[in-house]
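Observations on the model geometry
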Amino acid sequence: NPATATVLGKVTRSDTGAGITGATIQVGVLTTHSGADGSYQLLNVPPGDVTVSVSAAGFRGAAGNVVLQAGSTAIFSPSLVPSPSGAPGAITGAVLNALTGQPVSGAQIAVTGAFSATSQTQADGKYSITPLPTPGQITITVTAAGYQTVSASAVVKTDSLIDFSPKLLPAG
């Protein structure tokens with residue numbers, strides 16, 4: 001159909017490279033499952049800015065943003081990391097001064113959206129937020145006295161592992 005797009009790919013294991021059978025691939029309201037070799041194809045995807053989400057039992061999920069043009073085909077072939085049974089997800093990182101590379105101690109990290117959480121960087125600039133109680137769209141905002149504020153958005157699952165390590169520019 002020239003008015004729609006196609007998303008296809010292969011879902012594999014990060015440790016062995018083998019295809020993952022039965023992974024769930026979702027784009028908007030459209031859903032399919034990977035075949036015996038991990039391959040999948042989603043037809044008649046409406047064009048535009050879309051998020052392709054992939055999940056499979058026993059693996060950490062993956063997602064990617066794609067801009068689809070009518071009549072185009074996008075390839076999304078994630079390599080999923082096996083997750084320890086019931087392991088919670090986490091948002092971790094280190095906040096550094098963009099000019100000096102030194103850690104920023106006491107920076108505030110706030111998560112809003114699908115859930116709310118806060119943390120503060122330690123003397124080494126590191127922080128951690130875990131567990132991730134609710135899947136969905138989140139915004140991570142980092143503020144520190146004397147620095148410009150930085151934000152980023154992500155789509156998370158409860159077992160996602162996100163590294164957000166911004167370099168802050170001094171304000172002014």
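Fair warning: this is a prediction, and the values are worked out from it, not measured in the lab.

1. Some words on the nonpolar core
- Counting residues in each nonpolar core, the largest one holds 21 residues, and the members touching the most others are Val-11, Val-52, Leu-68 and Leu-80.
- Elements with a minimum of two residues in this core: β1 (5-10), β3 (24-27), β5 (39-45), β6 (48-55) and β7 (62-68).
- Residue contacts for Val-52: discarding those within four places in its chain leaves Val-7, Ile-25, Gln-26, Val-27, Tyr-40, Ala-62, Ala-63, Gly-64, Val-66 and Phe-76.
- With 20 residues, the next largest nonpolar core counts Val-104, Ile-109, Ala-144 and Leu-168 among its residues.

2. A closer look at the environment of Gly-136
- Tracing the backbone through its elements, the reader meets Gly-136 in strand β15 (residues 136-143).
- Taking the C-alpha atoms as reference points, Gly-136 and Ala-123, separated by 13 residues in sequence, lie 31 Å from one another.
- With residues up to four places along the chain from it excluded, the contact list for Gly-136 reads Ala-114, Ala-154, Val-155 and Val-156.

3. Re the pattern of salt bridges
- For the structure on display, the rule yields one salt bridge.
- Between Asp-15 and Arg-13 there is a salt bridge; the shortest N-O distance is 2.8 Å.
- The class of Asp-15 is partly exposed, set by a relative accessible area of 47%.

4. Observations regarding the pairing of β7
- Because side chains alternate across β7, one face comprises the buried residues Ala-62, Gly-64, Val-66 and Leu-68, and the other comprises Ala-63, Asn-65 and Val-67, none of which is buried.
- Bridge count for β6 against β7 is seven bridges, and the pairing is antiparallel. By the bridge assignment for β7, Asp-49 is matched with Val-67.

5. Some remarks on the side chain of Ser-160
- The topology assignment puts Ser-160 in the loop between β16 (150-156) and β17 (161-163).
- A polar side-chain atom of Ser-160 sits 2.7 Å from the main-chain amide nitrogen of Lys-157.
- Aside from chain neighbours lying at most four places away, what touches Ser-160 is Arg-60, Gly-89, Ala-90 and Leu-132.

6. A closer look at the layout of surface pockets
- Here the largest pocket defines a volume of roughly 300 Å³.
- Around the largest pocket, the lining is made up of 18 residues, and of these Gly-61, Ala-62, Ala-63, Val-155 and Ser-160 lie nearest the centre.
- Among the secondary structure elements, those contributing two or more residues to the lining of the largest pocket are β6, β7, β16 and β17.
- Residue classes in the lining of the largest pocket are distributed as eight nonpolar, eight polar and two charged.

Procedures and definitions
Each chain carries its own residue numbering, running from 1 in the written order of its sequence. In view of the model being predicted, local features appear only for residues whose pLDDT reaches at least 70, and side-chain atom pairs are presented and counted only at 80 or more, with totals across whole chains, interfaces and linings using the full set of residues. The side-chain quantities take in all heavy atoms of the structure and omit both hydrogens and water. By nonpolar core we mean a set of buried residues, namely Ala, Val, Leu, Ile, Met, Phe, Trp, Tyr and Cys, connected to one another through side-chain atoms within 4.5 Å. Remark: exposure states derive from per-residue accessible area (1.4 Å probe, protein chains only) relative to the maximum for the residue type, with buried under 20%, exposed over 50%, and partly exposed in between. Numbered from the N terminus, helices here are DSSP runs of H or I no shorter than four residues, and strands are runs of E no shorter than two. Whether two residues touch is decided by their heavy atoms; if any such pair falls within 4.5 Å, the residues are in contact. Salt bridges are defined as contacts in which a side-chain nitrogen from Lys or Arg sits within 4 Å of a carboxyl oxygen from Asp or Glu. When DSSP finds two or more bridges between a pair of strands, those strands are recorded as paired. Under this definition, polar contacts are N or O atom pairs within 3.5 Å; protein pairs additionally need one hydrogen-donor-capable and one acceptor-capable atom, and for neighbouring residues in sequence, both atoms have to be side-chain atoms. The pocket and cavity definitions rest on a 1 Å grid over protein atoms only: a 1.4 Å probe that fits but cannot leave marks a cavity, an open set with protein on both sides within 12 Å along at least five of seven lines marks a pocket, and residues lining either have an atom within 4 Å of a point. Grid points are joined across faces, edges and corners, and a volume is the space filled by probe spheres set on the points. We call Asp, Glu, Lys and Arg charged. Ala, Val, Leu, Ile, Met, Phe, Trp, Tyr, Cys and Pro are nonpolar, and the rest, Gly among them, are polar.

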